[in-house]
Amino acid sequence: MKQHITHFALVVEDYDAAIEFYTKKLSFNLVEDTVLSETKRWVLVAPKGSTECCILLAKAANEEQRSRIGNQTGGRVFLFLHTDDFWRDYNAISANGIRFVRPPQEESYGTVAVFEDLYGNLWDLIEHRAKNTGK
């Protein structure tokens, strides 16, 4: 059996502001933007090169959902953006005005820094070290 996650919902305040952030500031692709009703859209974004998983930008529909915007995980890092070139992406993201809340660090597993999205959700930007296979 093969399974994979295709989408996960990220609660947002406004579709267009979220699309602008993810496509302009993070250079993600807008995969789909379909109007479902007067108040609801099916909006998918994904990092360039991603083939299986997309973020569903889900506009908060009520007060309870609005209360979760920017803090869907109680302040923990919520999303992990893996890259094949940490410094290229760190510099590009920084140049686009995105705030890093923890500076780059070299860890045993790779290089990582934490940034926040337009609502305050925390993301790891991470490039894993090549695993030593002993060969």
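This is a predicted model, so every value here is computed, not measured.

Novice: Please give an account of the overall build of the protein that cites residues and values.
Specialist: Counting its secondary structure elements, the protein contains three helices and eight strands. Overall, the protein shows an N-to-C arrangement of helices and strands of β-α-β-β-β-α-β-α-β-β-β. The dimensions of the protein, computed from C-alpha atoms along their principal axes, are 55 × 40 × 25 Å. For the protein, the proportion of its 135 residues judged to be buried stands at 33%. Pairs at least 24 apart in sequence give 52% of the contacts found in the protein among residues at least 6 apart. Carbon and sulfur atoms make up 49% of the accessible area of the protein, which amounts to about 8,500 Å² in all. Of the charged side chains in the protein, 16 are positive and 19 negative, and the gap between their average positions amounts to 4 Å.

Novice: Can you break down helix H1 (residues 15-25) residue by residue, with the values?
Specialist: An α-helix turns once every 3.6 residues. As a result, residues three or four positions apart point the same way. Among the residues making up H1, those that are buried are Tyr15, Ala18, Ile19, Phe21, Tyr22 and Thr23. Of the residues that open H1, the one with a side-chain oxygen 3.1 Å from the backbone nitrogen of Asp16 is Asp14.

Novice: Summarise the packing of aromatic side chains; cite the residues concerned and give the values.
Specialist: Scanning the model with the defined rule gives 11 aromatic pairs in all. Measuring from centroid to centroid gives 5.4 Å for Trp87 and Tyr90, while their planes differ by 75°, and the two rings are edge-to-face. Here Trp87 pairs with Tyr90, and both are found in helix H3 (residues 86-95), just three residues apart, close to one helical turn. The partly exposed category is assigned to Trp87, whose relative accessible area is 42%.

Novice: Which residues make up the pattern of salt bridges, and what values go with them?
Specialist: Considering all chains together, one arrives at nine salt bridges under this definition. In this structure, Arg41 engages Asp33 in a salt bridge whose closest nitrogen and oxygen atoms are separated by 2.7 Å. Judged by its relative accessible area of 17%, Arg41 is buried. You can call Asp33 partly exposed: its relative accessible area is 33%. Residue Arg88 pairs with Asp84 through a salt bridge whose shortest N-O separation is 2.7 Å.

Novice: An account of unusual backbone geometry is requested, with residue identities and associated values reported.
Specialist: Notably, Ser27 is not glycine yet its phi reads approximately 60°, a positive angle. One can find Ser27 in the loop between H1 and strand S2 (29-35).

The rules behind each value
Residues numbered from 1 in each chain as written. Predicted model: local features only at pLDDT ≥ 70, side-chain atom pairs only at ≥ 80, totals over all residues. Heavy atoms only, no water. Helix = DSSP H or I, 4+ residues; strand = E, 2+ residues; numbered from the N terminus. Buried < 20%, exposed > 50% of the residue type's maximum accessible area, 1.4 Å probe, protein only. Contact = heavy atoms within 4.5 Å. Areas by Shrake-Rupley, 256 points an atom, 1.4 Å probe, with all protein chains shown as cover. Lys, Arg positive; Asp, Glu negative; His and termini not counted. Charge placed at Lys NZ, Arg CZ, Asp CG, Glu CD. Polar contact = N/O pair within 3.5 Å; in protein donor to acceptor, adjacent residues only side chain to side chain. Phe/Tyr/Trp six-rings, centres within 6.5 Å; stacked < 30°, edge-to-face > 60°. Salt bridge = Lys/Arg side-chain N within 4 Å of Asp/Glu carboxyl O.

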